[in-house]
Amino acid sequence: MRHFKRLTLVFFAGFVGLSGCTLPLPSLAPDIDEELGRAIDIGFDGIIVHVNQAGKTASYSAGWSDRENLVPVNPSSLFKIASISKLYVAAATTMLVANKSLSLDGTLKGYLPDVAHRIENSSDITLRMLLQHRSGIPDFVYHPEINQAKIVDNDDTYPFVLDQPADFRPNSRYGYSNSNYFLIGAILDTVTDGSHHQFIRNEILTPLNLMNTYLQLREVNLSEVIKGYVIGDDDGDVYWQMEHVQPSGSMVASAEDVAVFVRALIDGTLLTTNEQKIYSSVYEYEHTGWLPGYTSIVRYHSDIDAVVVMFVNTSYGQLFWLDLERVYDRIVRVLENNPL
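The structure presented is a predicted model; accordingly, all values stated were derived computationally and were not measured. (Residues numbered from 1 in each chain as written. Predicted model: local features only at pLDDT ≥ 70, side-chain atom pairs only at ≥ 80, totals over all residues. Heavy atoms only, no water.)

1. Digging into the sheet that holds strand β1 (residues 46–53)
Going by this rule: Criterion used throughout: strands pair if DSSP finds at least two bridges between them. Only DSSP runs of H or I with at least four residues qualify as helices, and only runs of E with at least two residues qualify as strands; both kinds are numbered from the N terminus onward. Throughout, a contact is declared for two residues whenever any of their heavy atoms are within 4.5 Å. In this analysis an axis means a line fitted to C-alpha atoms, helices contributing only their contacting stretch, and an angle means the value between N-to-C directions, from 0 to 180 degrees.
One open sheet holds the 6 strands; their spatial order is β3-β2-β1-β10-β9-β8, and the pairing between them is antiparallel. Both outer strands of the open sheet, β3 (71–72) and β8 (287–291), are each paired with one neighbouring strand and no more. Here 7 bridges tie strand β9 (residues 294–301) to strand β10 (residues 306–312), and the two strands are oriented antiparallel to one another. Bridge pairing in β10 links Arg 299 to Val 308. Here helix α10 (residues 255–267) sits on the sheet in contact with β1, β9 and β10, set at roughly 145 degrees to β10.

Below is the structure:
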């Protein structure tokens, strides 16, 4: 569920070997299909790209959904979108702020009094700070004792969030933390009859007809989900079956559905004018996602009026993101040269 801001282009001597990829990419290809083939050549197991541009759409894919059984990638396959889930949570929170069910200035202590006394600075941490990753609450994914495979329900995450020393004073700086969105999910549950999942389904997924978007892995037929691989680890079944239940990264979707959602988030189809103003003040309109075996990027490119989604069922580490960003940027450049 980690998220990386867009990386500045930096050249590292010997980086190709560190990233797990083995071949440099040649000059820009004439079309996206050829670019995806080159991505497979440098070490991606499978890749899906969906483009939503100025009223036109197109899907592309290459590589393997299941490399042991040589099953090719289906561009409509479901994918664990990891931290891209935060865009949906932020949109839902915006709606609840707009209808006065929540306040951006409401405190963590006020919203979650039963657990807030076990979170440092809870009386100073606001909903706005949680949304913007400015709370100082440590990220539970780095807790030394966490075992994601043993977390069955969302509440099982609390032991890795509570009673931890703060990383910094609230609002003193930015510090990305999945714990923020775990707690936002708990806050949403308090004002949505106990289910932020149902609220997101009713207010976002259904109105946008997102029939291939799900709040949790347990809602889908696993055979429809692409397998995920970590470089150096051949057991794709482990990461494929692992469920991440926290609202910071629980969702599963098709690339096309993600593009439809982001387009609607941007163009006013989903949010009212007031909601749009609130959302723009607290969160972004793009995101990346990273779970073991699953890496993803979605961004809107205003100069070419295109939402571009990229799913890769391979992961490795932070350095691997340089390869992901490079491939993504090349796809956008091809699209700039050859619009849909």
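Anyway, onward from the coordinates.
2. A look at the pairing of strand β2 (residues 56–66)
Looking at chain direction, β1 and β2 are connected through 8 bridges and run antiparallel. The residue of β2 that forms the bridge with Val 51 is Ala 58. From the end of β1 to the start of β2, which pair antiparallel, there are 2 residues, and Ala 54 there has a positive phi angle of about 45 degrees. In the sheet, β2 pairs with β3 via 2 bridges, with the strands oriented antiparallel. Bridged to Trp 64 within β3 is Pro 72. Hairpin connection of β2 to β3: 4 residues between the antiparallel strands, including Leu 70 at a positive phi of 55 degrees.

3. Some words on the pairing of β8
For clarity, the cut-off: Burial classification: accessible surface area is computed with a 1.4 Å probe over protein chains only, and a residue below 20% of its type maximum counts as buried, one above 50% as exposed, and the rest as partly exposed.
Taken across its 5 residues, β8 has 5 buried, putting it largely inside the fold. Across the two faces of β8 the burial is the same, with His 287, Gly 289 and Leu 291 and Thr 288 and Trp 290 all buried. The pairing of β8 with β9 spans 5 bridges and is classified as antiparallel. Within β9, the residue paired with Thr 288 across the bridge is Ile 297. Linkage of β8 to β9, two consecutive antiparallel strands, is achieved through a turn of 2 residues, within which Gly 293 is found at a positive phi near 90 degrees.

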